[in-house]
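Take a look at the letters that make up each chain.
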Amino acid sequence: MEVDLHVTNRCNLKCNHCVYSSGEQIMPDITLETVKKLIPSFKKMDVKEVHITGGEPLLNQEIFGIVFELQKNGFLVRIQTNGILITNETAKKLKSNGADHILISMDGLENFHNNFRNNENSYNFAVNAVKTCLKNGLFTRVNTVVSRGNVSEVKSIMQTTKDLNVHQHSFFYFTPFGRGKNIKDSMFSLGEWKQIKDKIVQDAQEMNYLNRIRIQDVFHENDVDYSNSNICREDNCLILANGEVYHCVFFANSPYSLGNIYKEDIFNIWSGCSDLVNSIISKNSDKKCDNNLCGGGCSGMAYCLSGNILSCDPRCNPKNNIISNCIRKYKN
Ligand SMILES: C[S@@+](CC[C@H](N)C(=O)[O-])C[C@H]1O[C@@H](n2cnc3c(N)ncnc32)[C@H](O)[C@@H]1O
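Just so we're clear, the structure is a prediction, and the values are computed from it rather than from any experiment. (Residues numbered from 1 in each chain as written. Predicted model: local features only at pLDDT ≥ 70, side-chain atom pairs only at ≥ 80, totals over all residues.)

Caption draft 1: Region of interest: the site of the ligand. Close contacts around the ligand come from 20 residues, with Val 19, Asn 82, Ser 105, Thr 175 and Gly 180 the closest. Within the residue set of the shell around the ligand, elements represented by two or more residues are β3 (76–81) and β5 (139–146). The class makeup of the residues in the shell around the ligand is 8 nonpolar, 10 polar and 2 charged. (Near = placed C-beta within 6 Å. Helix = DSSP H or I, 4+ residues; strand = E, 2+ residues; numbered from the N terminus. Nonpolar A, V, L, I, M, F, W, Y, C, P; charged D, E, K, R; others polar.)

Caption draft 2: Broad picture of the packing of helix α1 (residues 32–44) against helix α2 (residues 63–72). Across the interface, α1 lies against α2 with an axial gap of 9 Å and an inter-helix angle of 15°. Between α1 and α2, the interaxial angle falls into the category roughly parallel. Seen along the crossing, α1 lies across α2 with a hand that is right-handed. Along its contact with α1, which presents Leu 32, Val 35, Lys 36 and Ile 39, the element α2 presents Gly 65, Ile 66, Glu 69 and Leu 70. Of the residues that constitute the contact of α1 with α2, the class distribution is 5 nonpolar, 1 polar and 2 charged. (Axes fitted to C-alpha atoms, helices over the stretch in contact; angles between N-to-C directions. Parallel < 35°, antiparallel > 145°, perpendicular 65-115°, else oblique. Left-handed = near helix turned anticlockwise from the far one by under 90°. Contact = placed C-beta atoms within 7 Å.)

Caption draft 3: Local environment of α1. Between its terminal C-alpha atoms α1 stretches 19 Å, which fits the 18 Å expected from 13 residues at 1.5 Å a residue. Leu 38 marks where α1 bends most, by close to 30°; the proline Pro 40 follows one to four residues later. Listed in full, the buried residues belonging to α1 are Val 35, Leu 38 and Phe 42. Check the buried side of α1 and you find it contacts β1 (2–6), α2 and α8 (266–272). Trailing α1 by a residue or two, Asp 46 shows a phi angle of about 60°, which is positive. (Expected span 1.5 Å × (residues − 1). Bend = angle between axes of the 7 residues up to and from the residue. Buried ≥ 20, exposed ≤ 12 C-beta atoms within 10 Å, placed from the backbone.)

Here it is as C-alpha cells:
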C-alpha cells in the first residue's frame, strides 16, 4: 500500500498543468504531530511507501521532522519537488533524516520548462537540485510530464538527465485536470502515447540509457480479460493537505472524498471506503464500450474528461486493441 501525502497545498510555482491547482485553495499544512498520529494507522493499513508531495513539500516548515518520523517507522519515503528549495544544506538534511528517493520535476529544456512553470529560473533550480541531491548521495529521479508542447524535446531531455547521471528518469502522461484543464488539447490519445512510448524506448536504447528510463503505462494492448474486471488500483490513496482522503488524483477536490483524517481515523476511512471503490469497479465491469471489448477504462479519467464517474473513458480505442488502464496502476 502506498500513500500520496500532500504536506502542503502551498506552492512557490504556478505551473500551467498542475493537476491539483496547487496554491489556489488555502489549506493549513499537515503538521508533524498529525503525521505522528497517522503512523499507527498506516501500519495497520500495511502502508509500505509514503510519497510526500503537494504543493511544494519543501515549503512545509516541519518537512525534515516528517521525513524522519516516517523513515524511523519503516516507511520508504519519497519526496516530489520542483527543486527550488534544494540547497546543499537541505539535501544534507533530507539525507540525514532518511529520505529514500528525491523526485525532481523537469518538464522540458530550459525555455519550455520555464514557460510551463511560469518562472524564468525554474529550470536552473531543477538542474542544480539534481546535481546537489546526487552530490549528497540521495537516490535522485527526474520526472517529466509529456504533453504536446514538449514531446519534440523528449530525446534532448533524456540526454540532459543522462549527462547529469541521474538514477532514474520517468516519463508521465499529461492529464487535463486541475489547471491542466486550460491546456486540455495537450493530452495525447492512447494511440499517440503508444507511439511516444515506443520512440522513447528506441531513443533510450540507442543512447544505452534504457535501464534508467521508466514510462507511465496508461493502456492495455490486445486481449484483456474483463470478466474479473478490476481496473482501479486499490493499494494507493491520496491525502490532501486539508485532510480529505481520495481514492485517486482524479477525485481530488471532487464530491468523491472518502473521509477526512481530522474527523476519522485513516484506517477506518480506508477500510470503509471499499463500498465506493467496489461500486466503481463493479460498475466498470458492467460498462461496455464499442464492441463490448472494454471494461469502461479508467473511472478517474472518465470523471475528469466527462464529469461522470460511471461513464466510459473516452480515450479507449477497442477497435485498435488499445484500452485505457487505471492511470495509477503505474507505481510512481
Ligand atoms: C503536483 S507536483 C507537486 C510536487 C512539486 N511541487 C513538483 O513540482 O514536483 C507533482 C508532480 O505532478 C506532475 N503533474 C502536475 N500536473 C500534472 C498533470 N496535469 N498531468 C500529469 N502530471 C502532472 C508534476 O509535473 C510533478 O512532477
